[in-house]
Amino acid sequence: MLLPGATAVRIRRPYLRSRAFLQTARHMSLNEARARGAVVDIHPEVEEALASNKPVVALETALITHGFPYPANSALALSLENIVKAQGSLPATIGLIDGRVKIGLENKEIERLASKEKGPAKISRRDIAAAMALKSDGGTTCSATLIFAALAGIKVFATGGLGGVHRGGENSMDISADLGELTRCPVALVSAGVKSILDIPRTLEYLETLGVPVLTYGATREFPAFFSRHSGVDVPWNVNDPVKAAEILYKQWQLGMNNGAVFAVPIPEQFEEMGAQIQRAVDQAVAESENNGVSKLGKEVTPWLLSRVGQLTHGTSRASNIALIENTALVGGQIAAEYQKLRNNPCLATPSIPKATAYDSPLPPANLMIIGSSAVDITAQAPGPNKNLTTHSTSPGTISMSLGGVARNVAEASHRILSARSSNLSSLLVSPIGDDAFGRLLVEETTQFGMRVDGFISSNRRTAVCNMFLDNEGSLMSGVADMDITAALEADAVVPLIDKHKPRLVALDGNLSPETIKGVVGHCIRNDIQVFFEPTSVTKSTAIFPAISSSMDHLEGIAPITFVSPNRLELAHIFSNAESLGLTAHPTWWQMIDDLSLGSSFRLDLERLAKLNVDDHDSSRGTLAFLINQGVAQMAIKLLPFFQHLIIKCGEQGVLVVMRISGSGMMKSLWAGVNSEISQRRIIARGSSNECAAIVQHFPPHPVGKVLNVTGAGDSFVGALLANLAHQSYILDNPAGLANAISMAQNAAILSLQSNLAVSPLLSDMK
């Protein structure tokens, strides 16, 4: 179709080939870019909002660096952010600082770009790599902002005017890169139309050729002319509220369409009267640019024209320009909020579980496999005192939904840290999900994290859901967990995946049935794969014993489970059941304990260790007397024939590691040359033949700060530990490696304690 008044724009064939290729290319995720070492910094508030499914609106910075003078540009940038916030969305102003891409700017960074102290460049697609390599400051145009918004997963971008086909473009081929970017970035661009200095009919014709939907946001289909509400050109569609606009974006997402959409918002009516005067100034400025040669200066044309229009209108165009930009920020914030409501409603998800992964090319084998539960967590929290809660009635409060499940949380934590460390390491979550709305939500959100989804196993059971009720301090009061799907997962469904990937480490959570754990552990032992067991809860902590019992007769001097991570209650329950099941009477158990030759010297060292403060810097936490008084150290030692490494989570009392090294491991380990040192909270007891040793090491707690959520701290601890083990399998076999691994795990737990999410997105910044 050719719009009235337009002549055909002839596009050379190479442009069409390039567009066709880019439309079929998969858009890279932020995690993939980071894994390649890309210097992209996402503001913690923005990252938290995206991870917790809150609405975010991207804002450009070319209008700061090249659109308005200082200090009006700085004031406008902050005004736009405040307008977006007022609509219930979070602004993410995007720019370059010292060559680093910033998705979300601090106020001081906005001020730096606005003052132009570092000579910021105007950044389009062609300039990104050069500006990054040369460590330049830069203001992002529409095209660059679209790229980075899509990279981060931001769905809505609000700006003033879209670039387009310049006047005379049918001869000069002067076409903005903004238009092509809309074909490959699934982002809604909310603007006041195209810049008034451009050829509106030809721009719309070109967008139609590219397949980019263009809609007016208002009562009519007449496309706005930037400073004026009227251009005389109609587009095929219009919407009149943010809900319908959001529905259009949601339908694009459902179909997997990788192009964006343009929502053209007319300038507020009170500025319409100025439109005719400003348009005459625009026409004059364009004519002058053609006569003085400015029209041939590429990216310098637009700033010159806008400046000249401002001169000709004695500043009245600036007031209109600010008004239309602020108006698009308002509408953009509203559309983003409504779109996120649709995405957060699982009943609106696609009709079946996707079978494809988030990657187009074959995936590499996973180094780390985490098997267990994935769930959707629905959390209700009452803001007031618990005494105000009554039975048989509802209470005011907040309800949120997020992804959970022990294995899933652990997998996310390990994925975030592994992705930040190396692109050569891969973790795989193996978990059953139902063919229902919650299962589809798990797949989609897991994909958004950049995690693999080829380990999800489809089941005819309900997807696991955990409904938790928290008190006003964020602690768990009660809840209902529908987790039967995980207990029904059989080893026969898991073993083929182990054979396919051949991971060097497999982690299991206690939600799996004892029979499944037994089958998986036996397969791992036969294939020399290390096993990590996360007990999950006191009740489920004993699910590991059938696997241990079936292995004791076949493993001489080797613990069947390489790692276990109980808390103190789980440790006591595991030990009690080991005794009641008769496992501590097994000949292999006796032999392994006797080999350690634990005598009076060990007991004396343990008594000395128990007298130390939990924290050298905070005596109020008490001493380590609980190691003896509650039998923690003794129970851990007696469990060493079953678990080679016990990493015991002691909460406010820190972490206790008890492990056994023997045989060739003793010869290779750096522990061979290390002795007990109570001041370093370390005891080493060597067997009489020096061929094995028991190591007891306490690590003080780290300062926590404000706690927002306790549900995923332990899982984040385990995930960080697994990431270290996957990165360096023998990291615990030397004192420094052990200290670094535990310290990182403690820091990961703290980040998640300080997050509203089970696993803090900030784990992605840990290296």
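Residues numbered from 1 in each chain as written. Predicted model: local features only at pLDDT ≥ 70, side-chain atom pairs only at ≥ 80, totals over all residues. Heavy atoms only, no water.

Quick word on the overall build of the protein chain
Helix and strand counts for the protein chain come out as 29 helices and 25 strands. Across the 767 residues that make up the protein chain, the buried fraction comes to 56%. Intrachain contacts of the protein chain at a sequence separation of at least 6 include 75% that bridge at least 24 residues. (Helix = DSSP H or I, 4+ residues; strand = E, 2+ residues; numbered from the N terminus. Buried < 20%, exposed > 50% of the residue type's maximum accessible area, 1.4 Å probe, protein only. Contact = heavy atoms within 4.5 Å.)

Some points on the sheet that holds strand β18 (residues 476–482)
Strand order in the open sheet formed by four strands is β14-β13-β17-β18, and the pairing between neighbours is mixed. The sheet terminates laterally at β14 (398–404) and β18, the two strands that pair on one side only. On average, adjacent strands in this sheet sit at an angle of 20° to one another, irrespective of strand direction. Pairing geometry for strand β13 (residues 375–381) and strand β17 (residues 464–470), over seven bridges, is parallel. (Pairing = 2+ DSSP bridges. Axes fitted to C-alpha atoms, helices over the stretch in contact; angles between N-to-C directions.)

Structural notes on the nonpolar core
Ranked by size, the top nonpolar core spans 103 residues in total, and within it Ile103, Phe148 and Phe263 carry the most contacts. Among all residues touching Ile103, those that are not within four sequence positions of it are Val40, Asp41, Ile42, His43, Val46, Ala92, Thr93, Ile94, Phe148, Ala152 and Ile154. Core analysis: the next-biggest nonpolar cluster, separate from the first, contains 64 residues, Ile457, Val564, Leu606 and Leu624 among them. (Core = buried A, V, L, I, M, F, W, Y, C linked by side-chain atoms within 4.5 Å.)

Some thoughts on the packing of aromatic side chains
Under the counting rule described, the total for this entry stands at three aromatic pairs. Centroid distance Tyr250 to Trp253: 5.3 Å. Interplanar angle 35°. Geometry classified as tilted. In this pair, Tyr250 and Trp253 both sit in helix α12 (residues 242–254), three residues apart, roughly one turn of the helix. Their ring planes at 85° and their centres at 5.0 Å tell us that Trp589 and Trp590 sit as a pair that is edge-to-face. Over the face of the ring belonging to Phe626 we find Arg568, whose NZ or CZ atom lies 4.3 Å from the ring centre. (Phe/Tyr/Trp six-rings, centres within 6.5 Å; stacked < 30°, edge-to-face > 60°. Lys NZ or Arg CZ within 6 Å of the ring centre and 35° of its normal.)

Considerations on the pattern of salt bridges
Counted by the stated rule, this structure contains 26 salt bridges. Residue Arg440 is joined to Asp435 by a salt bridge in which the shortest nitrogen-to-oxygen separation is 3.7 Å. Residues participating in the shared-partner salt-bridge network are Asp41, Arg100, Lys102 and Glu109. (Salt bridge = Lys/Arg side-chain N within 4 Å of Asp/Glu carboxyl O.)

Quick notes on the packing of helix α16 (residues 406–421) against helix α28 (residues 713–727)
Look at α16 against α28: their axes get within 7 Å of each other, and the N-to-C directions meet at 45°. Taken together, α16 and α28 sit at an angle that is classed as oblique. Of the two possible hands of crossing, α16 and α28 adopt the one that is right-handed. Residues Val406, Asn409, Val410, Ala413, Ser414, Ile417, Leu418 and Arg421 of α16 pack against Asp715, Ser716, Val718, Gly719, Ala720, Leu722, Ala723, Asn724, Ala726 and His727 of α28. Looking at the contact of α16 with α28 residue by residue, the class counts come to 10 nonpolar, six polar and two charged. (Parallel < 35°, antiparallel > 145°, perpendicular 65-115°, else oblique. Left-handed = near helix turned anticlockwise from the far one by under 90°. Nonpolar A, V, L, I, M, F, W, Y, C, P; charged D, E, K, R; others polar.)

Observations concerning α16
One full turn of an α-helix is made of 3.6 residues, so residues set three or four places apart face in the same direction. End to end, α16 covers 23 Å across 16 residues, agreeing with the expected 22 Å (1.5 Å per residue, within 8%). Within α16, 15 of the 16 residues are buried, which leaves it mostly tucked inside the rest of the structure. (Expected span 1.5 Å × (residues − 1).)

A closer look at the environment of Pro761
Looking at where Pro761 falls in the secondary structure, it is placed in the segment after α29 (735–753). Taking the C-alpha atoms as reference, Pro761 lies 6.1 Å from Glu48; in sequence the two are 713 residues apart. Those residues within four positions of Pro761 in sequence are excluded, and the remaining contacts are Glu47, Glu48, Ala51, Arg416 and Ser755.

Things to note about helix α5 (residues 72–86)
Over its 15 residues, α5 extends 21 Å from the first C-alpha to the last, a length consistent with the 21 Å expected when each residue adds 1.5 Å. Buried within α5 are the following residues: Asn73, Ser74, Leu76, Ala77, Leu80, Glu81, Ile83 and Val84. Among the residues trailing α5, Gly88 stands out with phi positive, at a value near 90°.

Here's the deal with the pairing of β13
By the criterion of burial, β13 is predominantly enclosed, with five of the seven residues buried. Here seven bridges tie β13 to β14, and the two strands are oriented antiparallel to one another. Bridge pairing in β14 places Gln381 opposite Thr398.

Remarks on the environment of His415
In this structure, His415 sits in helix α16. For the pair formed by His415 and Leu425, sequence separation is 10 residues and the distance between their alpha carbons is 9.1 Å. Sequence-distant contacts of His415, that is, excluding residues within four places in its chain, are made with Asn31, Ser427, Phe449, Gly450 and Met451.

Re the side chain of Thr486
Turning to its location among the elements, Thr486 is positioned in helix α18 (residues 484–487). For Thr486, the contacting residues outside a window of four places in its chain are Gly372, Ser373, Pro432, Asn511 and Leu512.

Points about the pairing of strand β22 (residues 643–649)
Counted residue by residue, β22 has six buried out of seven residues, so it is predominantly covered. As defined by bridge partners, strand β21 (residues 561–564) adjoins β22 across three bridges and the pair is classed as parallel. Bridged to Val564 within β22 is Leu646. As defined by bridge partners, β22 adjoins strand β23 (residues 655–662) across five bridges and the pair is classed as antiparallel. Bridge pairing links Ile648 to Leu656 in β23.

Some remarks on unusual backbone geometry
The amide bond that connects Tyr70 to the next residue, Pro71, takes the cis arrangement and shows omega of 5°. Residue Lys135 is not a glycine yet carries a positive backbone phi of 55°. When you line up the elements, Lys135 lands in the loop between α7 (128–133) and β6 (138–140). Exposure remark for Lys135: the relative accessible area of 59% places this residue in the exposed category. We note that Lys502 has phi near 50°; this positive angle belongs to a residue other than glycine. Structurally, the position occupied by Lys502 is in the loop between α19 (491–501) and β19 (505–509). Given a relative accessible area of 63%, Lys502 falls into the exposed group.

Things to note about the side chain of Glu412
Within the secondary structure, Glu412 is located in helix α16. Residue classification places Glu412 among the buried residues on the basis of a relative accessible area of 3%. In contact with Glu412, not counting residues within four places along its chain, are Phe449, Met451 and Val759.

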